[in-house]
Amino acid sequence: MALLSCALVPLGASASDLPRVASVNVCTDQLVMLLANPDQILSLSDLSDDPRNSVMAERAAQFAKNNTQAETIALQSPDIVVAGEYSDPSMLALLRSIDIEVEQFAITRSLRDIPGDIRRMGKVLGQADRGEEMALDLEQDLAALPEAVGDQPVAAFFLPNGFSLGAGTLSHDILTAAGVRNLSDELGLVGNGTLTLEQVILNQPDALIRSQPFSGFSLSEEMLTHPALEGLPALKTSVDWVCGTPFVMNAIASVREQASALNRPAND
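For every chain, the first residue of the written sequence is number 1, and numbering continues from 1 onward in sequence order. In keeping with the model being predicted, local features are shown solely for residues with a pLDDT of at least 70 and side-chain atom pairs are shown and tallied solely at 80 or more, while totals for entire chains, interfaces and linings include all residues. Heavy atoms from the whole structure form the basis of all side-chain values; hydrogens and water molecules are not counted.

Let's talk about the sheet that holds strand β10 (residues 234-235)
And step 1. Pairing between two strands requires that DSSP report at least two bridges joining them. Strands here mean DSSP runs of E at least two residues long; helices mean DSSP runs of H or I at least four residues long; both are numbered from the N terminus. Strands sit in the order β7-β5-β9-β10 across an open sheet of 4 strands; the sheet is parallel. Each having just a single partner strand, β7 (181-182) and β10 make up the two edges of the open sheet.
And step 2. Pairing between strand β9 (residues 207-209) and β10: 2 bridges, direction parallel. Within β10, the residue paired with isoleucine 209 across the bridge is leucine 235.

Structure representation (structure tokens):
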């Protein structure tokens, strides 16, 4: 698998004609760090060095942060600002009004979207060859995933307030690529939604997918501790799930390994 090599961008020679970039989204932060020369990166978002949100948090610590504020970014004089689908529209409009180019990237909703985003970011950064190589490596890794056969286990995304994830989400794709069925999908949920406690109990999934609990007491998490759920195994997630990067291969491998330990293995 070609994933680990993606984590360290080659330290190529500085080229004055390469665009200098500021990123204001935790997922574009990671694509920028994977593809840009370090001297191209003017700043990243505040979440870039938060290990709860970014798999590249340690590396992000070496770069300046922009607080996603237009004033801060304008003073850095970037050639391009890369942002997410839901980045602050007023901030982006202000940057565009002073002739700073802004490129927005949609939320990754499927594994098949990731290579295209990598290629696009490579072109934005003047690193098309690097982006193409990384995208091809990921496409090969995805194509090499074994097909799920036999009796697949069922898992339920059951997060605070019953929040769940169905078809049309990156998390669903990661789960099913690892050979695990998604209860929310089988109940007809598309995108984000909720499962009731009753639905989980009645359908008896083989495992739950939960979030890391907050410290202290939270009403939104109280339903997750219901005695009827006691004893259900939990599949652990990680920051590898958060963004559309080659690190999704780590997420898939982790789920597959955990699923193999359930009473009903992912592959017989």
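Thoughts on helix α4 (residues 89-97)
And step 1. The buried label goes to any residue with under 20% of its type's maximum accessible area, the exposed label to any with over 50%, and the partly exposed label to all in between, with areas taken from a 1.4 Å probe on protein chains only. Regarding α4, the residues found buried are Met91, Leu92 and Leu95. Down the axis of α4, the smallest arc covering the buried residues is 95°, so these residues share one side. For α4, the exposed residues set more than 90 degrees away from the buried face come down to Pro89, Ser90 and Ser97.
And step 2. Throughout, a contact is declared for two residues whenever any of their heavy atoms are within 4.5 Å. Along its buried surface, α4 packs onto α3 (70-76), β3 (80-84) and β4 (101-105). Note that the arc is computed from the directions linking the helix axis to the C-beta atoms.

Regarding the side chain of asparagine 182
And step 1. Turning to its location among the elements, asparagine 182 is positioned in strand β7.
And step 2. For asparagine 182, a relative accessible area of 1% puts it in the buried group.
And step 3. Counted as a polar contact is a pair of N or O atoms within 3.5 Å, where, for protein atoms, one must be capable of donating a hydrogen and the other of accepting one, and residues adjacent in sequence contribute only when both atoms are in side chains. Within the structure, asparagine 182 has its side chain in polar contact with the backbone nitrogen of serine 184 (distance 3.1 Å).
And step 4. The contact partners of asparagine 182, leaving out residues within four places of it in the chain, are Ala155, Phe157, Leu165, Gly166, His172 and Leu175.

Some thoughts on the layout of surface pockets
And step 1. Cavity and pocket criteria rest on a 1 Å grid covering protein atoms alone: a 1.4 Å probe that fits but cannot get out defines a cavity, protein on both sides within 12 Å along at least 5 of 7 lines defines an open pocket, and an atom within 4 Å of a point defines a lining residue. Grid points are joined across faces, edges and corners, and a volume is the space filled by probe spheres set on the points. Here the largest pocket defines a volume of roughly 1400 Å³.
And step 2. Lining the largest pocket are 41 residues, with Asn53, Ser171, Trp241, Val242 and Cys243 sitting closest to its centre.
And step 3. Listing elements by their share of the lining of the largest pocket, those giving two or more residues are α1 (26-35), β6 (163-165) and α7 (170-177).
And step 4. The greatest single-element share of the lining of the largest pocket, amounting to 4 residues, is contributed by α1.

Regarding the state of the cysteines
And step 1. The disulfide criterion is simple: two cysteine sulfur atoms within 2.5 Å. Within the structure shown, the criterion is met by 1 disulfide.
And step 2. Each sulfur of the disulfide joining cysteine 27 and cysteine 243 lies 2.0 Å from the other. Every disulfide takes its handedness from the sign of the S-S torsion; for cysteine 27 and cysteine 243 that torsion is -75°, giving left-handed. Taken together, the positions of cysteine 27 in helix α1 and cysteine 243 in the loop between β10 and α11 (248-260) put the pair 216 residues apart, joining distant regions of the chain.
And step 3. For cysteine 27, a relative accessible area of 24% translates into the label partly exposed.

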